[in-house]
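Chain by chain, the residues:
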Amino acid sequence: MPNRVASALLVTAATAALALVPVSVAAAEPTAPPGTLVASAPSPAPIPGSADAQRITYWSTGPQDRPALSTGGVYLPAGTPPECGWPVLAWAHGTSGLGDDCAPSVIGPTLPERDYPYLQRWLDEGYAIVATDYVGLGTPGVHPYLDGKTSARSVVDSVTAARALHPELSNRWAVVGQSQGGGAAVTTARYATQFQAADLDFRGAVGTGVPANIELALLPLGPGVPPVAISDGLTEYVLYILAGLRSARPDIDLDSYLTPLGREWVDRAETVCAVPFEEEVRGLRLGDLFSRPLAQVPDLYGVLNGYMGVPTSGYDRPVFIGQGLADVDVPAPSALSLAAAMTANGEPLTFRTYPGDHSAAFRDSQPDAIAFVNGLFGRG
């Protein structure tokens, strides 16, 4: 569908969604500071075991540093909060899609049988969970998929907004994420102390299945490249990246590099959630979507790295990265290359590998992640 029609529908859908959320604080202007809470309501998709679950809407910052709305969920553990408040675990979710109806705060995680037990265990450990949907999921505009800095801002600002709703939350917080969220969590670790409000105390990050250096795989895309269909999941990810990039960087005129078929599929990527979209793209050849080589974009690597590159230096808080050696969604060399670069730069990294695939490594790493995060909070 034409972009102007898609944009109009997104704005209409987001406005309708916001209208259903009772405003618990005064409505904020677009110039309100990042982290300003706009609205809250009982969550339609609570984490099992949470004593209280709320869906929030708050101001953050989108691509090109423009004010943008985000939504998310706030989930409290059972019991009485400690004297210093519930320690906060910001959750950065994996790929759910780009459409507004894909927001996890509304429908829950893409893989509930995997993610809910994982999140419930953090609640059982005594952490409050603040889970952003990221800018553009459930709010106006296209979600800039894998845009690292925008995702980091969504994470940081969700914590500020959650504390406005629940004063019993501590100012001490950490971030944990998987897959798309693994990249968001690690990038958050790089920028959190720069982006956070003065009263927040960021402790560190855990990222699993981190999509690092994925931008390198996009450099050769063009007519006939690749000449055969790749895995459905990877095809889906590329289309989500192209849709997010097209929205975040309109100056590169991505449509001019696409065939009519390519524009049709990138338009489709803006609206379809992850599970059905993976079915839809079965057998699709990415090489059929391009009318000219993507490498003709001036400074293509710089564009992609600035949009989705995971930083390799500049960290001032500890980072844990877990990677599955049998992962085919985010192959092990991706995380290994990131870990090598961070180690060479003297960054505060703990890196662990696990024998399983994308989801198995996520589950298997949790005991190590809990021990790591407990150590950040002095709870070891």
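What counts and how
Residues numbered from 1 in each chain as written. Predicted model: local features only at pLDDT ≥ 70, side-chain atom pairs only at ≥ 80, totals over all residues. Heavy atoms only, no water. Helix = DSSP H or I, 4+ residues; strand = E, 2+ residues; numbered from the N terminus. Buried < 20%, exposed > 50% of the residue type's maximum accessible area, 1.4 Å probe, protein only. Pairing = 2+ DSSP bridges. Axes fitted to C-alpha atoms, helices over the stretch in contact; angles between N-to-C directions. Contact = heavy atoms within 4.5 Å. Salt bridge = Lys/Arg side-chain N within 4 Å of Asp/Glu carboxyl O. Disulfide = S-S within 2.5 Å.

Looking at an unreviewed UniProt entry, one finds the chain named Lipase, with Rhodococcoides corynebacterioides as its source organism.

Once that is clear, we can look at unusual backbone geometry. The amide bond that connects V225 to the next residue, P226, takes the cis arrangement and shows omega of -5 degrees. On the secondary structure map, P226 appears in the loop between α6 (215-218) and α7 (232-248). Even without a glycine there, the phi angle at D65 is positive, about 60 degrees. Checked against the element boundaries, D65 lands in the loop between β2 (52-61) and β3 (67-76). A relative accessible area of 59% places D65 in the exposed class.

A few words now on the sheet that holds strand β5 (residues 128-132). Spatially, the 9 strands line up as an open sheet ordered β1-β2-β3-β5-β4-β6-β7-β8-β9, and their pairing is mixed. If you trace the sheet from one side to the other, it starts and ends with β1 (37-42) and β9 (349-354), each paired once. Each adjacent strand pair in this sheet contributes to an overall mean axis angle of 20 degrees, direction not counted. Relative to β9, strand β8 (residues 319-324) runs parallel, the two sharing 6 bridges. Each residue of the ladder has a partner; that of Q323, found in β9, is T353. Against the sheet, helix α3 (residues 112-124) contacts β3, β4 (86-92), β5 and β6 (169-178), and its axis sits at roughly 160 degrees relative to β4. Packed onto the sheet, helix α5 (residues 180-195) meets β4, β6, β7 (201-208) and β8 and runs at close to 140 degrees relative to β6.

For the rest of this paragraph, the subject is the environment of P44. Inspection of the secondary structure assignment puts P44 in the loop between β1 and β2. Considered as a pair, P44 and I107 are 63 residues apart in the sequence and their alpha carbons are 7.3 Å apart. If we skip the residues at most four places from it in the chain, P44 touches R55, S105 and V106.

What follows is about the pattern of salt bridges. Scanning the entire structure with this criterion turns up 13 salt bridges. As a salt-bridge pair, R246 and D255 come within 2.8 Å of each other at their nearest N and O atoms. Judged by relative accessible area, R246 falls into the buried class, the value being 9%. Between D316 and R317 there is a salt bridge whose closest N-O contact spans 3.9 Å. Taking the relative accessible area as the measure of exposure, D316 reaches 38% and is therefore partly exposed.

This part takes up the state of the cysteines. On inspection of all chains with the given rule, the structure shows 1 disulfide. Between the sulfur atoms of C102 and its disulfide mate C273 the distance is 2.1 Å. Judged by the torsion about the S-S bond (-100 degrees), the C102/C273 disulfide is left-handed. With a gap of 171 residues between them, C102 in the loop between β4 and α2 (104-107) and C273 in the loop between α8 (260-269) and α9 (274-280) connect regions that are remote in the sequence. For the pair shown, C102 and C273 are each scored as buried.

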